[in-house]
Amino acid sequence: MKRSTFLFLVGLSAAGVADTLLGGNPRFRRGDANDDGSLDLTDATYTLGYLFLGKPKSLGCLDAADSNDDGTLDISDAVRSLGFLFLGDPPPPPPFGECEFDPTPDRLRCAAFAGCELTPPNGGLVFAEPVTYGTGEGPVCTVLGDLNADGALDVAVANYRTDDVSVLLGVGDGTFGEAARYGVGDGPRSIAIGDINADGALDVAVANYLSNDLTILLGAGDGSFGPAASRGVGRSPSSLVLGDFDVDGALDLAVADGYGDRYSRIFILLGTGDGTFRDTVGYNAGHLSIAMAVDDLDGDGAEDLAVANGGGGLSILLGAGDGTFSKAVMYASGRSIRSVAIGDLNGDGALDIAAASDSGEVSILIAAGNGTFGEPFGCRVGENLQSAAIGDIDGDGALDLAISDDDDVDEAVSILLGAGDGTFREPVTFGVGSSTGSVVLGDLDGDGALDLVVLKYYRNDVSILLAR
């Protein structure tokens, strides 16, 4: 290009664009007016089109188009770029070539510069290295609760091979004391926490798979528990949840019977409020019911049950509010469902369901709001999923999923960040070691962010991953 052409361009009258809009200060590359990753002829054309033709109508980063860094966007910026490209003139001032912040702040606006936006690793999720604490042998299920009423969450773990429960009291900073252990029945498979005898202290209920009974440990309020009280229920009880099914203020129990050639049974034990329960009522569920979750799925004020079936599919039992339940409705949500979690995944006010299976897929069932659900759609996560938990892990207001995977390769917890519409991003994995099992979410260190608690069956320990 001839220098006379430059003089002609400079001679064109332009008032200059002294854009005084403030706000935003991302990193950018000076001269890259069209944010395409390089400084070339199109950037000068882009700047001139903005100045004289109104095409484009706006620039996302006026600072990037200010090639001579004089604090004003005008025709001289296009001249500076063309001089560098064709006449051997010096390059534009920093930041040039590399993405950096503006070293000479001015009143030009840079609201966004996509080419320099940092994409944080792992979707911005950061967890500290896992810290492990010993449990009993074969930890299979864990829950969180403030067992000693000090304001910090504590951990209770059912240990299948040593027939006991481990209680780890939280300090409040994400660390825990040494586990205290309490004997229960044979082969405990599931554990729940609640104030069963209405004395203001949290108690523990345990389903014992091998002794065909459940155990109640009444809490003293200081993190310790009294003698175990047991009662028979079903054949091979594999899961239990607490809820007020008859809305009388006393906690009741639902216990899933994991045994059965065709149907498992869900037994409802209505609580008296003193730590004991009335006779059971049983309902057919699916084949090999091994996990449950409880919440008000149809919005009628009564608690309902979602049951994961090891033989495949998901069962929904709607509560009437008097301690009785409707006939189970089955949803085909993958084979060998291992875990089920409930939450409003698409933000419409109705509770949805996530079900994890050992086929490596998480099935999402979006609720209609009346206790029914649409066709499940799957998210591929790993190979041998063990547990699912729901919570707002990244703090954006949309619910996310934490999924544990006991695949020989991964042995990790996968986080699936929710978009807020019931869909999820690709999973981000965090290694926790072998034999990954039950996973739960809770703010263990009081910083407002959800942390991870993960059991490891063959390692006989629990891993704590604090969010950073």
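Structure: above.
First things first, this report covers the structure right here in the doc. (Residues numbered from 1 in each chain as written. Predicted model: local features only at pLDDT ≥ 70, side-chain atom pairs only at ≥ 80, totals over all residues. Heavy atoms only, no water.)

So, the pattern of salt bridges
- In the structure shown here, the tally under the stated rule is 7 salt bridges.
- As a salt-bridge pair, Asp32 and Arg29 come within 3.6 Å of each other at their nearest N and O atoms. Across the pair, exposure class does not vary: Asp32 and Arg29 are buried alike.
- Asp102 is the salt-bridge partner of Arg30, the closest N and O atoms lying 3.1 Å from each other. On the criterion of sequence distance, the pair formed by Arg30 in the loop between helix H1 (3-11) and helix H2 (41-53) and Asp102 in the loop between helix H4 (75-86) and strand S1 (131-134) is long-range, its members being 72 residues apart.
- Accessibility expressed as a relative area gives 11% for Asp102, which makes it buried.
- When salt bridges with common partners are traced through the structure, they connect Arg30, Asp69 and Asp102 into a single cluster. (Salt bridge = Lys/Arg side-chain N within 4 Å of Asp/Glu carboxyl O. Buried < 20%, exposed > 50% of the residue type's maximum accessible area, 1.4 Å probe, protein only. Helix = DSSP H or I, 4+ residues; strand = E, 2+ residues; numbered from the N terminus.)

Observations concerning the packing of H2 against H4
- Two numbers describe how H2 lies on H4: the axes approach to 9 Å, and their chain directions differ by 165°. By the criterion of interaxial angle, the relationship of H2 to H4 is roughly antiparallel. Crossing hand, H2 versus H4: left-handed. Contacts from Leu41, Ala44, Leu48, Leu51 and Phe52 of H2 reach H4 at Ile75, Ala78, Leu82, Leu85 and Phe86.
- Its residues assigned to classes, the contact of H2 with H4 comprises 10 nonpolar, no polar and no charged. (Axes fitted to C-alpha atoms, helices over the stretch in contact; angles between N-to-C directions. Parallel < 35°, antiparallel > 145°, perpendicular 65-115°, else oblique. Left-handed = near helix turned anticlockwise from the far one by under 90°. Contact = heavy atoms within 4.5 Å. Nonpolar A, V, L, I, M, F, W, Y, C, P; charged D, E, K, R; others polar.)

Concerning the sheet that holds strand S17 (residues 329-331)
- Read from one edge of the open sheet, 4 strands run S14-S15-S16-S17, paired in antiparallel fashion. Whereas interior strands pair on both sides, the edge strands pair on one side only; in this sheet they are strand S14 (289-295) and S17. Within this sheet the neighbouring strands show an average axis-to-axis angle of 25°, counted without direction.
- Two strands pair when backbone bridges link them, and strand S16 (residues 314-317) and S17 are joined in this way by 3 bridges, in the antiparallel orientation. Note that in S17 the partner of Ser315 across the bridge is Met330. (Pairing = 2+ DSSP bridges.)

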